[in-house]
Amino acid sequence: MKKLVLASGNAGKLREFGQLLAPFDFEVLPQSAFAVPEAEEPHITFVENAIAKARHAARLTGLPALADDSGLCVTALGGAPGVFSARYAQSSPDEPKSDQRNNEKLIADLAGIKDRRAHYVAVLVLMRHADDPQPVVTEGEWHGEIIDTPRGEGGFGYDPYVLIPELGKTVAELPHEEKNRRSHRGQALAQLLARLRAGA
Ligand code: IMP
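A.B. asks: I'd like a rundown of the sheet that holds strand E4 (residues 117-127), residues and numbers included.
C.D. replies: Taken in spatial order, the 7 strands make up an open sheet running E2-E1-E3-E4-E5-E6-E7, and their pairing is mixed. Unpaired on one side and paired on the other, strand E2 (26-30) and strand E7 (169-170) mark the two borders of the sheet. Where strand E6 (residues 162-164) and E7 come together, 2 bridges link them in antiparallel fashion. When the sheet's bridge partners are listed, isoleucine 164 is paired in E7 with lysine 169. Lying over the sheet, helix H1 (residues 11-21) contacts strand E1 (2-6), E2, strand E3 (65-74) and E4, oriented at roughly 170 degrees with respect to E2. Docked against the sheet, helix H2 (residues 46-61) engages E1, E3, E4 and strand E5 (136-146), running at close to 160 degrees with respect to E3.

Structure, rendered in structure tokens:
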């Protein structure tokens, strides 16, 4: 099996990617197994951050690397919180991240604004080596509307506030498997698997 390093410390992502990539003869290992410190994410686009993370992990391990970057983009806010989704309400880097405060800020920022369109974005980057000039890059989008009153207990982050109009449910009201099937990450991953199947 070929080793592939995942540029993330998230155990859930490691399990999911590990299962999905096993048929392609990839053994997915966390970057922590190689003592790779978290990469800087200095960019303002998802794709640049995902490339930076994958390149960092590939460079430090000498292995192919997979990275993802994701967030919520609100149309009326010019795409914010975007790449800052995890730390939207943080006023300094030492402040702990908080989904609750991020959601409070989002709702406050949208007060009085009628246009509630928003979409989740996920970008995946698979780099064969650190100097790969043609990494596999895929992107998924999932469109919804921001509501003022949270609904549902599932998911994480902004999910209780993101209504998917055609389902009449927030993302937090969807069963886990349904979210994974429809989500921005699910779509980006399906595209990645299709590219691998096609010989990428
Ligand atoms: P990361 O790409 O895993 O670092 O996620 C970045 C941030 O985007 C998360 O901390 C959440 O705030 C937001 N986000 C990304 N995907 C989702 C999702 O599926 N549900 C809710 N929030 C999300």
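A.B. asks: With reference to specific residues and values, describe the side chain of threonine 61.
C.D. replies: Relative to the assigned elements, threonine 61 resides in helix H2. For threonine 61, a relative accessible area of 18% corresponds to the buried category. Engagement of the side chain of threonine 61 in a polar contact is seen with the backbone oxygen of alanine 57, the distance being 2.7 Å. Once residues lying within four places of it in the same chain are set aside, the contact partners of threonine 61 are Val5, Phe34 and Val36.

About the thresholds
- Residues numbered from 1 in each chain as written.
- Predicted model: local features only at pLDDT ≥ 70, side-chain atom pairs only at ≥ 80, totals over all residues.
- Heavy atoms only, no water.
- Pairing = 2+ DSSP bridges.
- Helix = DSSP H or I, 4+ residues; strand = E, 2+ residues; numbered from the N terminus.
- Contact = heavy atoms within 4.5 Å.
- Axes fitted to C-alpha atoms, helices over the stretch in contact; angles between N-to-C directions.
- Buried < 20%, exposed > 50% of the residue type's maximum accessible area, 1.4 Å probe, protein only.
- Polar contact = N/O pair within 3.5 Å; in protein donor to acceptor, adjacent residues only side chain to side chain.

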